[in-house]
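Notes for the structure review
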Amino acid sequence: MKETIDRLRSEGSERIKAAGSESEVEAVRVALLGRKGEITSLLRGLKDVDPAERPAMGAELNRLKLDLGELLDSRQAEIGGTGGSSANLVGDLTLPGVPPAAAGTNHPLLTVLESICDIFYGMGFSRDDGPEVELDYYNFTALNFPDDHPARDIQDTFYIDPKVCLRTQTSPVQVRTMERNEPPLASIFPGRVYRNENADASHSSEFFQIEGLVVDKSISMADLKDTVDTFVRNFFGADEPTRFRPHFFPFTEPSVEVDMQCVVCRGSGCGVCGQTGWLEIMGAGMVHPNVFKAVGYPEDVYTGFAFGMGIDRIAMLKYGVGDIRLLYENDLRFLTQFRGVF
Ligand code: PHE
């Protein structure tokens, strides 16, 4: 029986290879594996084989049956329904394609970050980055924060050791950039910052800021105003210029908070702007002489302005997102709403 099996294996595969059409392949299939086929009758004959050899023969026969079945199937696929030219394997190239079901897109925060950067690139700014794990010196000391300033408090700042913290703002990149470059300079610094806050609808312990810095001879508050107004017009399409309110930051003097016309009611007063018609969007001011001293710029020669805004807040205002946590949960039901929005 063993010889018959070996013979069928080689003969069978020769016959399958030789079959040139669908019906020829089918004919070989019937001849080998059909009800009255050669392999089927061998299987029937197993009962007459010496019981000691029977299991081995049975296994051998079954393997042959499976192998020939596979050969038949692949020969059939090779020939194909309509004659087996390679064009049929590719399909009809004139049909529209099938889009991938779940293509990834940029996160809305990243998209907002990049489009803010684009507006500033258009105004001639370049871009610099700094580390998220930052020296206390850059995050506070060089920025003219006194040693006992409450922002250094462990309650606001995540300290890694007494000299190293997670940056609480992008302002340390001002110092790093000035240390590396001579004026004139105009640069933006987008990035992630950390504060020890309890999460709620408008607070998160990590969020994004974008900082801007311009230093040259005779830079004035009017340059700051113009830059900020140009950004707000471009990004939000606001029709009104921004308004400056006096404020305090250790590293700018004078310092302001910047409000823009409410994006929802366009100034007439609504729930989003607390009926004022204005929304606060950033902190800003003229670079403090002590910051210039820290980086070795002569403070009687140069002046400069700086501003910093929360990208999360800007994204939420632009797209009417009511809860900052949505930006960090990565829930696809939220994220997919931004596909194709930008
Ligand atoms: N770093 C300040 C903040 O996080 C914002 C700011 C930046 C203010 C630059 C003035 C100038 O609140």
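Our structure's up above, just so we're on the same page.
Residues numbered from 1 in each chain as written. Predicted model: local features only at pLDDT ≥ 70, side-chain atom pairs only at ≥ 80, totals over all residues. Heavy atoms only, no water.

**Points about the site of the ligand**
Formally: One heavy atom within 4 Å of a molecule or strand makes the whole residue count as near it. Two N or O atoms count as a polar contact when they lie within 3.5 Å, although within protein this holds only if one can serve as hydrogen donor and the other as acceptor, and sequence-adjacent residues are included solely when both atoms are side-chain atoms. The accessible surface values rely on the Shrake-Rupley method and a 1.4 Å probe; as for residues, cover is taken only from the protein chains in view. Helix numbering and strand numbering both begin at the N terminus, where a helix is a DSSP run of H or I of at least 4 residues and a strand a DSSP run of E of at least 2. Lys, Arg, Asp and Glu make up the charged group, whereas Ala, Val, Leu, Ile, Met, Phe, Trp, Tyr, Cys and Pro make up the nonpolar group; the residues left over, Gly among them, are polar.
Taken together, the neighbourhood of the ligand is formed by 14 residues, with Gln169, Ser171, Arg195, Gln209 and Glu211 sitting nearest. Contacts to the ligand include Ser171, whose side-chain N or O atom sits 2.9 Å from a nitrogen atom. For the ligand, an oxygen atom lies 3.0 Å from a polar atom in the side chain of Arg195. The fraction of the free accessible surface of the ligand (330 Å²) that becomes covered by protein chains is 90%. Mapped onto the shell around the ligand, the elements with two or more residues apiece are strand S6 (206-216), strand S9 (278-287) and strand S10 (303-310). Looking at the shell around the ligand residue by residue, the class counts come to 5 nonpolar, 7 polar and 2 charged.

**Observations regarding the nonpolar core**
Just so we agree on the cut-off: Nine residue types can take part in a nonpolar core, namely buried Ala, Val, Leu, Ile, Met, Phe, Trp, Tyr and Cys, and a core is a set of them joined through side-chain atoms within 4.5 Å. A 1.4 Å probe rolled over the protein chains alone gives each residue an accessible area, and that area as a share of the maximum for its type sets the label: buried under 20%, exposed over 50%, partly exposed in between. Any two residues whose heavy atoms approach within 4.5 Å at even a single point are treated as in contact.
Ranked by size, the top nonpolar core spans 46 residues in total, and within it Ile116, Phe231 and Met309 carry the most contacts. Put simply, the parts of the chain that give this core at least two residues each are helix H6 (108-122), S6, helix H9 (221-236), strand S8 (252-261), S9, S10, helix H11 (311-319) and helix H13 (332-335). Excluding anything up to four places from it in sequence, Ile116 contacts Ile210, Phe231, Phe235, Met309, Ile311 and Ile314. Listed in part, the 20 residues of the second largest apolar core include Tyr138, Leu143, Val175 and Leu213.

**So, the sheet that holds S6**
How we decide: One requirement defines pairing of two strands: DSSP has to find at least two bridges between them. Lines fitted to the C-alpha atoms define the axes, with helices restricted to the stretch that makes contact. Angles between their N-to-C directions range from 0 to 180 degrees.
On the basis of which strands lie adjacent, the open sheet formed by 7 strands has the order S1-S5-S6-S10-S9-S8-S7 and mixed pairing. Of all strands in the sheet, those with a lone pairing partner are strand S1 (126-127) and strand S7 (243-249), marking the two edges. Against the sheet, H6 engages S1, strand S5 (185-194), S6 and S10, with an angle of about 165° to S5. Strands S6, S8, S9 and S10 of the sheet are contacted by H11, whose axis makes an angle of about 60° with S10.

**A closer look at the pairing of S5**
Along S5, 8 of the 10 residues are buried, which leaves the element largely enclosed by surrounding structure. Pairing between S1 and S5: 2 bridges, direction parallel. Its bridge partner lying in S5, Arg127 is registered against Ile188. Pairing geometry for S5 and S6, over 10 bridges, is antiparallel. Its bridge partner lying in S6, Val193 is registered against Phe207.

**Details of the packing of aromatic side chains**
The geometry of an aromatic ring pair is captured by two quantities: the separation of the ring centres and the angle between the planes. Note the threshold: Two rings belonging to Phe, Tyr or Trp (six-membered ring only in the last case) form a pair when the distance between their centres is within 6.5 Å. Interplanar angles under 30 degrees mark stacking, angles over 60 mark edge-to-face geometry, and anything in between is tilted. In our convention, an over-ring charge means Lys NZ or Arg CZ found within 6 Å of a ring centre and within 35 degrees of that ring's normal.
Taken as a whole, this structure holds 14 aromatic pairs when the rule is applied. Considering the side-chain rings of Phe231 and Phe235, the 5.7 Å spacing of their centres and the 15° angle between planes classify their relative orientation as stacked. Taken together, the residues span about one helical turn, with Phe231 and Phe235 both in helix H9 at a distance of 4 residues. Phe235 shares its class with Phe231; the two are buried. Considering the side-chain rings of Tyr297 and Tyr302, the 6.0 Å spacing of their centres and the 55° angle between planes classify their relative orientation as tilted. The exposure class of Tyr297 is buried, given its relative accessible area of 3%. Following the ring pairs from residue to residue traces out a cluster consisting of Phe120, Phe125, Phe231, Phe235, Phe236, Phe305 and Phe307. Over the face of the ring belonging to Phe244 we find Lys225, whose NZ or CZ atom lies 5.6 Å from the ring centre. Stacked on the ring of Phe235, the Lys or Arg Lys318 has its end atom at 4.4 Å from the ring centre.

**Here we look at helix H2 (residues 22-33)**
So the rule is basically this: A helix is expected to span 1.5 Å for every residue after the first.
Between its terminal C-alpha atoms H2 stretches 16 Å, which fits the 16 Å expected from 12 residues at 1.5 Å a residue. Of the surrounding elements, those touching the buried residues of H2 are helix H1 (2-18), helix H3 (38-45) and helix H4 (54-79).

**Here we look at the environment of Arg9**
Note on placement: Arg9 falls in helix H1. Sequence separation of Arg9 and Pro172 is 163 residues, and the distance between their C-alpha atoms is 77 Å. Not counting the four nearest positions on each side in its chain, Arg9 is found in contact with Arg63, Leu64, Asp67 and Leu68.

**A closer look at the pairing of S10**
One face of the sheet, then the other: side chains in a regular strand alternate in exactly this way. In this sheet, S10 lies alongside S6 in antiparallel orientation, the contact comprising 8 bridges. Bridging across to S10, Val214 finds its partner in Phe305. Inspection of the sheet shows S9 paired to S10 by 4 bridges, in the antiparallel sense. By the bridge assignment, Met286 is partnered in S10 with Phe305.

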